[in-house]
Amino acid sequence: MAMWGAAVGQALAVLLVAPLVHGLIQRTKAALQGRHGPGLLQPYFTLIKLWRRQDIRPTPASWIFVAAPRLALGIVVAATLSVPLLWNPAPLGWDGDFVVVVGLLALERYVLSLAGLDTGTPFGGLGSSRESIVGALVEPALFALALPWMVLAGSTAWPALVAASASATPASVVRFFGLGAGLIVSLAETGRLPVDNPDTHLELTMIHEAMLLEYSGPQLALISLAQMTKQLLVLALVADLLVPWGVGGLALPPGVQPVAVLAKWAALAAGLGVAESLSAKLRFFRLPGYLGAAAALSSAAAVLQVWGVR
Amino acid sequence: MIWLLLSGLGAYGLAALCGACLRNGRLATLAALAGGAAFAALAVLALLGARLDVRLPLGPPPFALRLWTPPLSALFVLLISGVGILASVYGGAYVAHFAEQKRRAVLTLTPLFLLSMTLVTLAADLAAFLIAWEAMSLTSYALVMTDGERPEVVRAGYVYLVMTHVGAVCLLAAFLLLTGATGSMDFTIWAGAASALAPGLRSAIFVLVLLGFGSKAALVPLHVWLPRAHPVAPSHVSGLMSGVMLKVAVYGLILVGFTVLGPGPLWWGLLVLALGVLSSVLGVLYALAEHDLKRLLAYHSVENVGIIAMGLGVALIGQRAHLPLLAVVALTAALYHTVNHALFKTALFLDAGSVQYAGVGRNLDRMGGLLARMPWTGVSLLVAAASISGLPPFNGFVSEWLTYQSLVRLGARGGPLLALCAFAGVLALALTGGLAAACFVKVSGVGLLGRPRTEHATRAREVPPAMYVPALVLAGLCLGLGLLPGVLAAPFAALASGVLHAGSVLPQTATGAVLVTLPWGGARIGPGAFAAFALAVAATAALASAAGRRVRPAAEVRAPWACGGEIGLLSQYSATAYAKPFRQVFGLIYRPVRSVQVESAVHPFFRTRVEYQGEITPVFDRYVYGPVLTGVLALARYGRQLQSGSLRLYLGYILVTLVLLLTFVR
């Protein structure tokens with residue numbers, strides 16, 4: 001019972017914090033681009049504004065279109081429950097491992113892609129098609145990211161992965177390669193430059209936004225919240241695999257530990273903003289090479305791990 | 001037990017007889033159901049511990065066919081009979097719109113097809129196995145030829161017949177080698193004696209068996225017949241062929257590879273793993289480029305057999321490398337995926353048939369908006385599509401999870417070289433999963449959602465219950481086996497350790513009734529994760545519908561945004577357009593060919609007509625089978641010179657043969 005209580009508590013906390021992380025990334029970008037930029041709390045205001053608006057649906061849409069935003073948010077929240085965010089193991093860490101989390105991320109993408117096609121417009125289909133190919137290429141990269149630690153731990157369970165990464169040499173070639181791949185994967189999974197541009201509605205370059213073009217009001221609020229939560233989840237996932245300290249490995253006093261982990265997240269989120277500001281949008285058909293580089297880097301890391309080069 | 005066997009045989013026979021002679025197909029369907037039920041009951045009894053081992057006399061004493069029910073056979077009999085029952089129910093309604101003669105042919109041949117598949121898995125000696133195997137091939141060939149008046153069907157049937165007999169020749173050669181070496185035709189004696197054979201002979205047998213069963217299971221590059229033959233058969237037969245007949249070949253591979261031959265050199269497992277990787281990635285890539293729904297599904301069978309082969313390969317490696325736990329988990333993964341694929345692939349073919357029955361045809365680009373018009377067919381298609389994409393909480397995810405686990409274990413324990421193979425396997429499986437999900441977004445999204453693209457799709461109506469209920473039952477099983485993964489994983493692990501003679505290594509904690517817990521590393525999946533998932537979704541949905549109602553106006557339905565214009569029916573994204581980025585990104589494999597012709601008036605900007613034609617190069621037909629075919633024909637031309645028509649020369653041949661035989665064989 002306590003476990004389920006912890007799970008509900010963590011889910012609510014994640015939903016509350018996710019917009020703040022998004023705001024932090026936006027602030028970083030604004031600062032780097034020399035803009036004044038919106039405040040840290042702007043994502044909350046945007047969500048509240050959307051929530052109060054009328055919901056307008058396109059004519060051809062079926063129940064899939066209506067169910068998709070709710071499913072997407074539920075799926076992402078469920079995925080956060082088995083990834084160690086603040087503590088290891090996570091509230092539901094006992095039943096979900098790395099493969100389950102990757103599977104849930106794929107399911108979220110699947111549901112939203114269906115919704116994109118459900119609108120019966122060229123934009124929806126275009127977004128779905130592009131999102132699907134990015135997803136198909138990110139999935140191997142994501143697996144490759146965890147390969148060195150899976151091999152070291154001999155398991156795909158989160159506690160074992162975190163412990164394996166925490167116990168390995170802190171500054172090693174394996175981790176260095178992994179960080180490069182992790183950056184690429186997190187930029188792709190959160191729909192950021194150079195893969196996708198979250199701040200544009202220019203038809204020809206959109207991926208994720210094109211797919212969701214027909215969503216408005218509360219439905220859009222749910223999807224935005226799901227997207228922000230997913231962003232947090234991806235950051236946590238990459239951090240657990242590559243810089244697990246605070247969650248695993250480093251013994252900190254109970255009062256300091258959550259603060260330290262939150263600070264780590266803030267640093268990672270700011271890092272994501274910096275990385276995005278430094279890159280230009282890649283041409284769509286250059287993406288396979290970019291994502292392939294991530295898979296290749298992590299596979300190289302895994303091979304080094306197996307051969308005992310640390 | 002023996003009475004169940006005889007009544008099953010009798011009922012299937014009666015069904016074939018009724019199908020051939022009676023005008024009304026209902027009795028034939030009922031008899032086929034009875035046959036399926038009898039064999040299913042037999043299998044359940046066998047799985048619960050009862051044993052059947054009989055010799056059916058065919059003549060004087062040595063001429064008898066031995067049938068038995070070890071747990072592995074019983075599992076496959078249950079699969080064949082269960083899926084067969086649902087397909088028979090569907091088929092009874094589906095053939096109603098066929099011409100009289102075709103209906104009779106299908107109703108006669110389907111029970112015989114089911115019976116021969118059942119007998120292949122029950123066979124315990126060479127004669128029984130080969131007779132049933134050949135009957136299975138011939139009945140399925142006859143069913144493929146149902147629309148035999150169309151030339152492309154004849155062509156497809158011919159390719160199928162040739163490939164299936166090339167496979168049968170390999171099997172016959174392997175089995176004769178075994179018979180010659182052990183002096184017996186009995187599987188039990190083979191299993192006892194085969195491990196003592198010379199290594200070279202065992203490897204030769206293994207390769208022949210892999211070729212034989214691999215061609216039936218459609219492993220790349222032996223898959224070329226499948227995307228031709230499966231789509232042209234009646235849909236429930238396509239479902240049986242893809243869902244069940246390929247699995248009979250998997251059964252054969254397990255039977256000979258594990259039970260009879262036992263642990264072999266490392267390269268056996270590596271070869272099977274490599275074939276699995278190749279089949280899964282190429283199968284799903286070719287499926288993506290396809291927009292004939294049934295051909296697309298046929299290519300997905302190649303992909304899924306590849307995933308099963310990956311499990312089998314890891315199991316062979318594990319057996320060799322003395323990692324019995326690894327071998328058990330890998331074989332469990334293969335068995336689980338075998339069952340899963342039978343369920344979702346049959347459901348998908350039944351749904352494809354229902355769409356065809358509703359008058360929409362097989363081309364995805366002519367569908368659209370079918371979920372609103374055929375709600376039950378649509379829902380079963382959605383569920384089966386999510387299952388085949390390997391997404392949680394459906395059954396495909398569980399078997400892919402188990403396959404991942406075995407590959408990771410191989411990477412951790414197998415040493416550097418095997419670890420590299422395991423990495424390749426993990427990456428290939430991840431890519432396959434992602435591409436399969438993309439492909440089934442295309443199928444469900446373009447086929448079921450959006451607006452109808454043609455008049456036929458607009459007029460589509462739901463099919464009769466006898467057709468959508470079997471598909472719904474299969475879809476329900478897909479969801480159930482995903483939500484409660486341990487229900488099958490536990491007995492399958494026990495079965496796998498029995499097959500691998502690893503009975504004692506499997507700790508009791510390794511499997512539970514509901515959960516799947518691995519015997520290492522603490523990874524597990526179970527209803528907890530899925531319950532959290534369901535709760536989170538339900539909570540979100542409740543929040544979304546309840547909390548907002550007071551603060552905003554009610555939802556409204558409006559025309560979608562079209563840059564200020566109107567959206568024509570054909571400006572929706574089509575399946576071809578959807579697959580476009582994939583064709584471009586994987587161009588190295590597809591080698592796409594396209595031609596665009598533009599007619600314009602006054603100025604090139606004012607186009608009156610644009611004609612687009614695009615296709616992908618059939619790489620295997622052209623570069624693998626093309627040279628082989630040319631070679632065989634050239635050989636035949638040389639061989640023809642022997643046949644001069646001269647009687648004296650023929651007498652000379654006889655003399656030479658006689659002398660040679662007398663010299664060498666005495």
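All residue numbers here refer to positions counted from 1 along the written sequence of the relevant chain. Just so you know, chain letters begin at A and ligand numbers begin at 1, following the order they were written in. The predicted origin of the model limits local features to residues at a pLDDT of at least 70 and limits the giving and counting of side-chain atom pairs to 80 or more, whereas totals for whole chains, interfaces and linings rest on all residues. Working from all heavy atoms in the structure, the side-chain values ignore hydrogens and water.

It is worth spelling out the overall build of chain A at this point. Counting its secondary structure elements, chain A contains eleven helices and one strand. Put simply, DSSP marks the helices as runs of H or I at least four residues long and the strands as runs of E at least two long, and each gets a number from the N terminus on. The helix and strand sequence of chain A, counted from the amino end, reads α-α-β-α-α-α-α-α-α-α-α-α. Radius of gyration: over C-alpha atoms. The globule rule applied is 2.2 Å multiplied by the number of residues raised to the 0.38 power. Computed over C-alpha atoms, the radius of gyration of chain A comes to 19 Å, within 12% of the 19 Å expected from 2.2 N^0.38 for 310 residues, which places it in the range of a compact globule. As displayed, chain A has an accessible area near 10500 Å², and 71% of this comes from carbon and sulfur atoms. Here the accessible surface of atoms and residues is derived via Shrake-Rupley with a 1.4 Å probe, and residues count as covered only by protein chains that are part of the display.

On to the overall build of chain B, then. Within chain B, the secondary structure is distributed over 25 helices and seven strands. For chain B, the C-alpha radius of gyration of 27 Å lies close to 26 Å, the compact-globule estimate for 666 residues. Taken over the C-alpha atoms alone, chain B extends approximately 95 × 70 × 60 Å along its principal axes. Carbon and sulfur atoms make up 68% of the accessible area of chain B, which amounts to about 26000 Å² in all. Here Asp and Glu are counted as negative and Lys and Arg as positive; His is not counted, and neither are the chain ends. Charge positions come from single atoms, namely NZ of Lys, CZ of Arg, CG of Asp or CD of Glu. Computed over 44 positive and 22 negative side-chain charges, the separation of the two mean positions in chain B equals 5 Å.

On to the interface of chain A and chain B. Whether two residues are in contact is decided by their heavy atoms, any of which lying within 4.5 Å being enough. Taken together, the contact pairs 76 residues of chain A with 84 residues of chain B. Once two parts are put together, the accessible area they lose, assessed with a 1.4 Å probe and summed over both, is termed the buried area. Here chain A packs against chain B, burying approximately 6500 Å² in sum over the two surfaces, 75% of which is carbon and sulfur. Considering each element in turn, the side of chain A that touches chain B owes the most residues, 17 residues, to helix H5 (residues 122-153) of chain A.

A few words on the packing of helix H4 (residues 98-118) of chain A against helix H9 (residues 217-242) of chain A. All names here are of chain A. All axes are obtained by fitting lines to C-alpha atoms, using only the stretch in contact for helices, and the reported angles, taken between N-to-C directions, cover 0 to 180 degrees. H9 packs onto H4 with a crossing angle of 155° between their chain directions and a minimal axis gap of 12 Å. With respect to each other, H4 and H9 are oriented roughly antiparallel. Crossing of H4 over H9 shows left-handed handedness. Of the residues in H9, those in contact with Phe 98, Val 101, Leu 105, Glu 108, Arg 109 and Leu 112 of H4 are Ile 223, Ala 226, Gln 227, Lys 230, Leu 233, Leu 237 and Leu 241. Geometric relationships in this document are graded by angle, where less than 35 degrees denotes roughly parallel, more than 145 denotes roughly antiparallel, 65 to 115 denotes roughly perpendicular, and other angles denote oblique. Crossing handedness follows the turn of the near helix against the far one: under a right angle anticlockwise gives a left-handed crossing, and clockwise gives a right-handed one.

A few words now on the domain arrangement of chain B. The domain boundaries here were taken from an automatic or database domain assignment. Each domain of chain B was delimited in the assignment, giving domain 1 (1-197), domain 2 (263-535), domain 3 (576-619) and domain 4 (625-664). If you average the C-alpha positions of domain 3 of chain B and of domain 4 of chain B, the two centres end up 50 Å apart.

Turning our eyes to something else, we now look at unusual backbone geometry. For residues other than glycine, phi is negative in most cases, and the peptide bonds are mostly trans. Across the junction of A:Leu193 and A:Pro194, the peptide omega takes the value 5°, indicating a cis bond. You can see A:Pro194 is positioned in the loop between helix H7 (173-189) and helix H8 (208-211). Unlike most non-glycine residues, B:Ala218 shows phi in positive territory, near 65°. Among the structural elements, B:Ala218 can be located in the loop between helix H8 (199-217) and helix H9 (226-232). We classify B:Ala218 as buried; its relative accessible area is 0%. One non-glycine residue, B:Val602, lies in the positive phi region at around 65°. Relative to the elements of secondary structure, B:Val602 occurs in the loop between strand E6 (592-600) and strand E7 (607-616). Only protein chains enter the calculation, and the probe is 1.4 Å; a residue is then buried if its accessible area is under 20% of its type maximum, exposed if over 50%, and partly exposed in between.

Moving on to the packing of aromatic side chains. Two aromatic rings from Phe, Tyr or Trp, using only the six-membered ring of Trp, form a pair when their centres are within 6.5 Å; if the ring planes differ by under 30 degrees the pair is stacked, by over 60 it is edge-to-face, and anything between is tilted. Counted according to the given criterion, the structure contains 25 aromatic pairs over all chains. Their ring planes at 85° and their centres at 5.6 Å tell us that B:Phe129 and B:Phe175 sit as a pair that is edge-to-face. Here B:Phe175 lies in helix H6 (residues 151-182) and B:Phe129 lies in helix H5 (residues 126-144), a separation of 46 residues in the sequence. Assessed through its relative accessible area of 1%, B:Phe129 is described here as buried. When its relative accessible area of 1% is taken as the criterion, B:Phe175 is described as buried. Among the aromatic side chains, those forming a connected cluster through ring pairs are B:Phe129, B:Trp133, B:Phe175, B:Phe187, B:Trp190 and B:Phe213. Two limits define a charge over a ring: the Lys NZ or Arg CZ must be within 6 Å of the ring centre, and within 35 degrees of the ring normal. When the ring centre of A:Phe284 is taken as reference, the NZ or CZ atom of A:Arg130 above it lies at 5.4 Å. One Lys or Arg, B:Lys216, reaches over the ring of B:Trp133 and ends 5.9 Å from the middle of that ring.

Before going further, it helps to spend a moment on the packing of helix H12 (residues 293-320) of chain B against helix H13 (residues 324-357) of chain B. Direction vectors running N to C along H12(B) and H13(B) enclose 170°, while the axes themselves pass 7 Å from each other. Put simply, H12(B) runs roughly antiparallel to H13(B).

Take the side chain of B:Thr108 next. Residue and element names in this part refer to chain B. Within the element layout of this structure, Thr 108 appears in helix H4 (residues 100-122). Residues adjacent in sequence count toward polar contacts only when both atoms are side-chain atoms; beyond that, a polar contact is any pair of N or O atoms within 3.5 Å, and within protein one must be able to donate a hydrogen and the other to accept it. Reaching out from Thr 108, the side chain makes a polar contact with the backbone nitrogen of Ala 20 at a distance of 3.2 Å. Sequence-distant contacts of Thr 108, defined by excluding residues within four places in its chain, comprise Ala 16, Gly 19 and Ala 20.

Moving on, we come to helix H10 (residues 235-260) of chain B. Residue and element names in this part refer to chain B. By definition here, a helix of n residues has an expected span of 1.5 Å times n minus one. The first and last C-alpha atoms of H10 sit 35 Å apart over 26 residues, in line with the 38 Å expected at 1.5 Å per residue. Here the bend at a residue is taken as the angle between two axes, fitted respectively to the seven residues that end there and the seven that start there. When the local axis directions of H10 are compared, the greatest deviation, roughly 35°, occurs at Met 241. Taking burial as the measure, the 26 residues of H10 include 25 buried ones, the bulk of the element. Gly 262 occupies a position one or two residues after H10 and carries a positive phi of about 75°.

Here we take up a nonpolar patch on the surface. Nonpolar side chains collect at one region of the surface, where A:Leu20, A:Leu40, A:Leu41, A:Phe45 and A:Ile48 lie side by side and expose about 440 Å² of accessible area between them. Mapped onto the elements of the fold, A:Leu41 is located in the loop between helix H1 (2-32) and helix H2 (42-52). Patches here: salt-bridge-free residues with over 30% relative accessible area, like charges joined within 9 Å, nonpolar side chains (Val, Leu, Ile, Met, Phe, Trp, Tyr) joined within 5 Å. Counted as salt bridges are all cases of a side-chain nitrogen of Lys or Arg within 4 Å of a carboxyl oxygen of Asp or Glu.

It is worth spelling out the pairing of strand E2 (residues 64-68) of chain B at this point. Residue and element names in this part refer to chain B. Counting buried positions along E2 yields five of five residues, so the element is predominantly enclosed. Residues Ala 64, Arg 66 and Trp 68 line one face of E2 and the alternating positions Leu 65 and Leu 67 line the opposite face, and both faces are buried. Looking at chain direction, strand E1 (residues 53-57) and E2 are connected through five bridges and run antiparallel. The residue of E2 that forms the bridge with Leu 56 is Leu 65. By the convention used here, strands pair only if DSSP detects at least 2 bridges between them.

Each residue carries a pLDDT score, the predictor's confidence in it, ranging from 0 to 100. Chain-level statistics for chain A give a pLDDT mean of 88 and a share of 98% at 70 or above. Mean pLDDT across the elements of chain A ranges from a minimum in H8(A), with 87, to a maximum in H4(A), with 94.

This next bit is on the pattern of salt bridges. All names here are of chain A. Counted by the stated rule, this structure contains 23 salt bridges over all chains. For Lys 29, the salt bridge identified is with Glu 276, shortest N-O distance 3.0 Å. Linking Lys 29 in helix H1 with Glu 276 in helix H10 (residues 256-278), this pair joins segments that are 247 residues apart in sequence. Here the two residues Lys 29 and Glu 276 agree in accessibility, since each one is buried. Glu 276 is the salt-bridge partner of Arg 192, the closest N and O atoms lying 2.6 Å from each other. Of this pair, Arg 192 sits in the loop between H7 and H8 while Glu 276 sits in helix H10, placing them 84 residues apart in sequence. Looking at Arg 192, the relative accessible area reads 1%, which means it is buried. Linked through salt bridges whose partners overlap, the residues forming this network are Glu 108, Arg 109, Glu 131, Glu 189 and Lys 230.

For B:Gly414, the position within the fold is in the loop between helix H16 (395-413) and helix H17 (416-448). By relative accessible area, B:Gly414 is classed as partly exposed at 21%.

Here we come to the environment of B:Ala124. Mapped onto the secondary structure, B:Ala124 falls in the loop between H4 and H5. Separated by 145 residues in the primary sequence, B:Ala124 and B:Gly269 have C-alpha atoms spaced 25 Å apart.

Here the focus is H12(B). Residue and element names in this part refer to chain B. Over its 28 residues, H12 runs 41 Å from end to end, which matches the ideal 40 Å to within 8%, given 1.5 Å per residue. The buried fraction of H12 is high, at 26 of 28 residues. Between the side-chain oxygen of the N-cap and the backbone nitrogen of Lys 294 there are 3.0 Å, and the N-cap of H12 in question is Asp 292. Following H12 by one or two positions, His 322 has its phi on the positive side, about 55°.

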